[in-house]
Amino acid sequence: MAKTIQEREQTGEAVASVNTRRRFNFTPYLFILPHLIFFAIFVGYPFVSGLVYSTFQYNFLTPENNTFVGLNNYTNLFNTKSREFDLFWNSLGNTGIFMLYSVPALVIIPLLLAVLLNTKLPGRNIFRAIIFAPWVLSVSVISLLWFWIFQSNGGLVNVYAKALGIFGEDGPPRWLSTLPAAWIAITVATVWWTMGFNMIILLAALQDIPEQLYEAATIDGANTLQKFFRITLPLLQSVLVFVITITIIASFNLFGQSLFMTNNGPSRGTEPVMYRIYDEGFNRNAQGSAAAMSFVVALIMILVSYLNFRIFRKRDTSY
Amino acid sequence: MANSVQARPAARNSAFSYRGRTYFQRAILYLILTIIAIIVLIPMVWMFLTSIKPKNQLFTKDIQWWPATPTLDNYKTLINNPSTPIISWFTNSILIALIVTGLVLAVDSLAAYAYARMDFFGRDVLFKLLLFTLFLPGVLFLVPNFLIVNALGLRNNYLGVILPALAGVFGVFFMRQFFETIPKELEEAAHIDGANTFQTFWSIALPLAKPALATLGVITFLGSWNDFLWPLLILQDRSLQTLPIGLRSLQGSYTSEYGLMMAGAVVAAVPVLLLYIVLQRFIVASVASSGIKG
Amino acid sequence: MIKGDYKKSRIGRFSSLTLVALFVAGLLAACGDNTAAPTTGATTATTAAAVATTAAAGATSAAATTAATGATSAAATTAAGATSAAATTAAGATSAAATTAAGATSAAATTAASGTATTAAASGTGATLTLPANCSNVQLQYWNGFTGPDGPFMGQLVDAFNKANSGKITVKMTSQADYDTQLTTAAASDTLPDIIIVNEDVVASFAFNNIIRPIDPIVQQLGYTASDFPKIAWDNGMVAGKRYTLPLSMVPMTMYYNNDLLKAAGISAAPATDADFQKAAAAMTKGGNHGFEITSGFPVQQIFQQLLHQFGGSEFNADVTQATWNSDAGVKAMQWMLDAQKKYAEPALEVDADLNAFKAGSAGMIWNGIWQTTNVTGSAVSFDGKATATPQIGPQPGTWAGMASLGLPVHKKGNDACKDAAAGMLMKYIVDNSLTWAKAGNVPAYNKVRNSADIAALHPQAELAKAVENPIFPPSVPGIGDAFGPLSDAVTALMTGKATDVKKALDDAAAKSNQTLAANKAKYGDAPKS
């Protein structure tokens with residue numbers, strides 16, 4: 001974060017002066033080559049071949065029947081009368097809803113935890129380890145675990161909620177078979193599973209904030225909240241953008257939790273777009289349609305990321 | 001080494017700093033942390049207790065935390081059943097995650113160093129291209145990559161899981177950010193002493209990047225460790241599969257074998273948790289000093 | 001996003017070059033995939049030829065115990081009375097058979113000829129299928145999705161088969177989770193095993209997607225005919241006039257009841273009619289208990305299908321172009337479920353919640369698949385849990401059931417005659433000995449086993465043996481599972497209260513399903529193309 005453009009330009013010039021001694025330098029290419037090879041094979045080529053597939057009625061099990069259909073797979077996604085229209089936009093909307101639930105929770109909760117744990121309290125490492133621990137479990141395990149905790153009969157949540165009368169007369173909602181309760185269940189499971197990861201990153205950033213700033217603020221009579229909003233948050237800005245971005249990407253990839261907890265239900269109410277594309281590709285064997293969906297999703301994703309950067313990085317030009 | 005990365009404030013502070021707090025405030029802080037820790041731990045405790053419950057005590061009208069007759073049957077079934085090779089799944093997961101992590105660190109730090117420190121034709125375009133793909137959803141590559149891995153004959157092979165993981169751009173992006181924070185002077189001095197670019201990278205930049213490497217290592221390892229969909233599509237033989245897929249098959253096609261599944265989860269989680277607890281001081285410290293700067 | 005000091009012309013040239021190169025590569029690959037077609041066309045021919053070889057060998061060993069290879073060609077030639085082409089193929093007993101058929105232009109003629117040979121041999125000598133003499137130590141891969149407690153029962157059968165054929169055939173059984181995905185991806189990489197279990201709803205999809213292949217000659221050779229199985233089960237394996245699978249076992253909808261609660265309510269026998277059911281459910285609904293519990297997840301759609309048929313409806317019209325569950329029968333069926341839910345059950349239960357309530361002892365009756373038997377009866381519960389047939393609610397009998405069949409997967413590189421013969425033997429062994437398998441919680445499809453005294457002693461198989469004679473099955477058309485999707489969504493929406501207008505919900509679901517049926521028809525055509 002500390003670098004300004006000026007500094008970077010200076011360093012850039014310095015590097016240039018080292019390297020321009022030779023006419024053409026192969027060394028940089030040798031450095032980037034190993035990564036570039038894999039990138040070309042598993043990112044570049046699939047990107048292009050995916051574009052090609054998206055213009056075919058493509059089924060990798062019966063390649064002899066593949067036929068060129070032009071933009072048909074794309075227009076289907078915008079044709080309200082097509083089979084794919086409802087399925088696709090429903091799932092995309094669901095992924096959007098999940099992001100609205102999970103991204104704020106996965107930024108705010110880890111941030112608060114990081115602030116709490118950014119101390120020299122004896123035993124802090126144990127707390128950190130505990131909060132990080134769920135992340136080592138597989139998605140299949142955490143989903144079954146939380147399915148069980150949220151189930152209507154004998155699930156921990158409902159048994160204690162009923163005992164404490166939290167949900168009043170009507171009793172607790174059906175966490176796994178009604179909306180929006182199902183989203184809450186999925187979000188809670190996801191937050192529990194992954195919050196330790198974001199916390200560790202934020203904790204690292206917190207530890208780089210110089211103590212003198214807080215001391216000065218204390219002398220100026222600032223209280224704890226003021227210090228948090230005036231010092232901590234502004235100095236965390238760039239790390240927060242980083243955390244928000246990777247959380248958005250991770251949330252966009254929602255797949256296992258909804259599949260295993262709610263079976264994407266009720267009535268496809270929690271079916272994420274990732275599952276829709278997987279289903280088109282590997283259950284319906286319509287890989288052309290799956291590819292077209294992927295590209296529409298990619299476009300939207302790029303737009304979201306761009307807006308994210310525009311919103312959060314307005315004044316920050318060092319990137 | 002007195003540089004901007006290593007020289008950190010001696011004391012760690014925040015709005016909730018330890019020093020200068022009263023006992024009362026400290027007690028409150030402990031209380032809050034303990035409550036949070038208990039909330040986080042409850043599901044894991046529940047997981048363990050479920051794994052030692054006999055089948056007819058899994059479902060009761062009232063919550064029964066400790067089973068009336070605890071049993072290790074689920075563990076015995078799990079270990080003794082040759083069609084659920086949980087040890088193989090565990091070693092596969094560890095092996096794949098370790099290889100992916102090692103290779104990602106090597107490949108990405110090399111590339112990142114070039115993007116951060118060298119001037120070459122096409123650098124900025126290439127890097128922009130990489131950055132662009134960072135925001136593409138992974139599902140975009142699902143079908144095409146499956147066909148490529150298939151065509152390369154890497155399906156049902158560890159390599160089919162490992163190699164595509166090396167194409168990721170996150171690591172390159174992450175390491176480049178770090179290399180840019182290292183002061184130039186050290187490398188220039190090495191150059192003047194006659195070190196070539198690789199030697200400079202190897203003996204100056206890389207040692208300085210240890211914290212960042214550790215962070216990227218943890219992220220990569222756990223990413224690979226938890227990956228579900230891709231290994232499901234690639235690994236066919238039961239003995240080659242990884243834990244997330246293997247554990248799925250402890251459930252019946254129609255029936256849910258909760259006890260067995262939870263026993264599997266415990267077996268899978270305990271070694272990694274122990275490893276984490278042993279290494280966690282190092283991991284947190286490394287992440288802390290890696291200076292993730294967005 | 002990034003502030004760099006690059007020169008614009010550079011990017012333009014560089015990136016466009018890269019993109020063009022990648023695009024060309026992508027195009028080439030796509031075209032390559034398209035032109036790779038002919039290989040699959042030959043597969044069927046290969047299979048048929050291979051089977052002809054085994055069939056002939058079988059005939060030989062049945063007739064006399066002379067040296068097999070020599071006699072094989074003789075048998076084939078005489079039986080078919082065929083051209084020299086057919087004789088050559090059949091005589092080239094070893095792996096040559098496969099290569100010849102695959103390479104030849106006269107492949108079609110060969111297939112036809114050897115097909116006749118098989119039929120003749122089978123009906124002439126009394127059907128047996130044995131391993132061709134030149135086969136030794138055949139390794140057979142057998143896949144199924146039996147990852148639950150049912151797996152070990154199938155394992156027993158496989159072990160017994162291996163023992164009976166020790167030194168000749170070794171079967172390795174693999175039970176996979178996410179089974180259909182595993183088969184699809186294995187088909188894409190041509191690494192399918194030698195014999196697989198296929199469920200009733202994917203037979204046609206698997207046939208049209210080159211996952212399984214026709215096995216008419218083998219089934220004929222094994223001696224099974226339509227009279228050996230319930231008609232619906234037998235017909236389920238037929239796709240576009242060819243046989244793809246052999247029925248093994250059926251898993252009908254079953255009623256589980258808490259006999260303690262039932263007795264406490266003063267009722268002595270499990271209800272078999274709607275009136276008795278209502279009476280029992282009402283009597284047991286008290287004191288926090290629910291006389292009947294019904295989920296809004298799996299298998300609620302199957303319960304609906306069962307009632308739909310009982311009220312005289314069906315899911316699709318005869319040629320499977322229209323969904324017809326929005327009929328009066330459909331509305332009646334759905335209304336019955338909603339009423340029962342309202343009167344006796346808890347609302348909007350998630351999947352398995354009916355079971356869990358039952359296991360906890362607070363549910364009087366539930367309807368679920370027979371596969372839950374070991375889970376909710378006997379020592380698995382702390383009360384007297386019983387299983388029996390579901391009561392008949394509507395005017396007509398009807399029970400939903402799933403079915404596991406055996407099929408042989410496609411191998412694009414060609415099939416191995418030895419493995420096909422061994423797979424046929426395994427098929428026969430499993431079907432003939434499906435009593436062992438039935439103990440895992442299913443009803444054998446094979447009449448001879450199902451009607452045996454041994455099954456009569458198994459419960460609830462004995463009670464359900466009658467119900468599976470005319471089970472409710474999906475039509476054998478590709479992609480039918482997707483056409484059921486909207487129905488499942490609608491039933492769930494109604495059961496969870498998300499939708500309240502029964503007729504409208506079923507109408508909307510039917511309209512959506514019709515789109516899928518039309519799309520499937522356009523995609524797959526009328527018959528598998530290979």
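Here the structure is a predicted model, which is why all the values come from computation and not from measurement. (Residues numbered from 1 in each chain as written. Chains lettered and ligands numbered in written order. Predicted model: local features only at pLDDT ≥ 70, side-chain atom pairs only at ≥ 80, totals over all residues.)

**Observations regarding the overall build of chain C**
Link 1 in the chain: Summing up its helical and strand segments, chain C has 24 helices and 12 strands in all.
Link 2 in the chain: Taking all 530 residues of chain C together, the buried fraction comes to 56%.
Link 3 in the chain: Restricting the contact set of chain C to residue pairs at least 6 apart, pairs at least 24 apart contribute 77%. (Helix = DSSP H or I, 4+ residues; strand = E, 2+ residues; numbered from the N terminus. Buried ≥ 20, exposed ≤ 12 C-beta atoms within 10 Å, placed from the backbone. Contact = placed C-beta atoms within 7 Å.)

**A short note on the overall build of chain B**
Link 1 in the chain: Each helix and strand counted, chain B has 13 helices and zero strands in total.
Link 2 in the chain: Counted from the first residue to the last, chain B has its helices and strands arranged as α-α-α-α-α-α-α-α-α-α-α-α-α.
Link 3 in the chain: For chain B, buried positions account for 49% of its 294 residues.
Link 4 in the chain: Put simply, of all contacts in chain B between residues at least 6 apart along the chain, 73% involve residues at least 24 apart.

**A short note on the nonpolar core**
Link 1 in the chain: By size, the foremost hydrophobic cluster in this structure holds 309 residues, and its most contacted members are Leu-202 of chain A, Ala-265 of chain B together with Ala-422 and Leu-426 of chain C.
Link 2 in the chain: Per-element tally for this core: the top contributor is helix α8 (residues 181-206) of chain A, with 17 residues. (Core = buried A, V, L, I, M, F, W, Y, C linked by C-beta atoms within 7 Å.)

**Observations regarding the confidence of the model for chain C**
Residues and elements named next belong to chain C.
Link 1 in the chain: Of the residues in chain C, 76% reach a pLDDT of 70 or more, and the chain-wide mean stands at 81.
Link 2 in the chain: For residues 1-126, every residue scores under 50 in pLDDT, and the model assigns this stretch 203 contacts once sequence neighbours within four places are set aside.
Link 3 in the chain: At the level of chain-chain contacts, confidence expressed as ipTM amounts to 0.85, with global pTM at 0.83. (pLDDT = per-residue confidence, 0-100.)

**Observations regarding helix α6 (residues 158-165) of chain B**
Link 1 in the chain: Across the eight residues of α6 of chain B, six count as buried, placing the element largely inside the fold.
Link 2 in the chain: All buried positions along α6 of chain B are accounted for by Gly-160, Val-161, Ile-162, Leu-163, Pro-164 and Ala-165 of chain B.
Link 3 in the chain: Looking at the packing, one finds that the buried side of α6 of chain B touches α2 (27-53) of chain A together with α3 (86-117), α5 (142-151), α10 (210-226) and α11 (229-234) of chain B.

**A short note on the domain arrangement of chain B**
Link 1 in the chain: With domains assigned, chain B is organised as domain 1 (10-71) and domain 2 (72-290).
Link 2 in the chain: Across the contact, 10 residues belong to domain 1 of chain B and nine residues belong to domain 2 of chain B. (Domains from an automatic or database assignment.)

**Description of the interface of chain A and chain B**
Interface size is commonly expressed as the accessible area that is lost once the parts come together.
Link 1 in the chain: Each partner contributes to the interface: chain A provides 95 residues, whereas chain B provides 87 residues.
Link 2 in the chain: By residue number, the principal contributor to the side of chain A that touches chain B is α2 of chain A, which donates 17 residues.
Link 3 in the chain: Residues that form the side of chain A that touches chain B fall into these classes: 66 nonpolar, 23 polar and six charged. (Nonpolar A, V, L, I, M, F, W, Y, C, P; charged D, E, K, R; others polar.)

**Observations regarding the pairing of strand β9 (residues 385-389) of chain C**
Residues and elements named next belong to chain C.
Link 1 in the chain: Of all five residues making up β9, four are buried, and the element is well covered by its neighbours.
Link 2 in the chain: As paired strands, strand β6 (residues 245-258) and β9 are joined by five bridges and run antiparallel to one another. For Met-255, the partnering residue across the bridge sits in β9 and is Thr-388. (Pairing = 2+ DSSP bridges.)

**Details of the pairing of β6 of chain C**
Residues and elements named next belong to chain C.
Link 1 in the chain: A large share of β6 lies buried, amounting to 14 of its 14 residues.
Link 2 in the chain: Alignment of β6 against strand β10 (residues 399-407), held across seven bridges, turns out to be antiparallel. What sits directly across from Pro-247, in β10, is Ser-405.
Link 3 in the chain: Here β6 runs beside strand β11 (residues 443-444); their pairing, made up of two bridges, is antiparallel.

**What about the packing of helix α14 (residues 300-310) of chain C against helix α23 (residues 480-495) of chain C?**
Residue and element names in this part refer to chain C.
Link 1 in the chain: For the pair α14 and α23, the least separation of the axes is 9 Å and the interaxial angle reads 100°. Between α14 and α23, the interaxial angle falls into the category roughly perpendicular. Here Val-300, Gln-301 and Phe-304 of α14 lie close against α23, whose contacting residues are Phe-484, Leu-487, Ser-488, Val-491, Thr-492 and Met-495.
Link 2 in the chain: Classifying every residue of the contact of α14 with α23 by side-chain character gives six nonpolar, three polar and no charged. (Axes fitted to C-alpha atoms, helices over the stretch in contact; angles between N-to-C directions. Parallel < 35°, antiparallel > 145°, perpendicular 65-115°, else oblique.)

**Some points on the domain arrangement of chain C**
All names here are of chain C.
Link 1 in the chain: Here chain C is described as being made up of domain 1 (138-250 + 403-472) and domain 2 (251-400 + 475-524).
Link 2 in the chain: Residue-level contacts link 22 residues of domain 1 with 23 residues of domain 2.
Link 3 in the chain: Of all the elements in the fold, those that place two or more residues in the side of domain 1 that touches domain 2 are α9 (203-208), β4 (238-239), α22 (461-464) and β12 (471-472).
Link 4 in the chain: Take the side of domain 1 that touches domain 2: its biggest share by element is four residues, from α9.
Link 5 in the chain: Split by residue class, the side of domain 1 that touches domain 2 holds 15 nonpolar, five polar and two charged.

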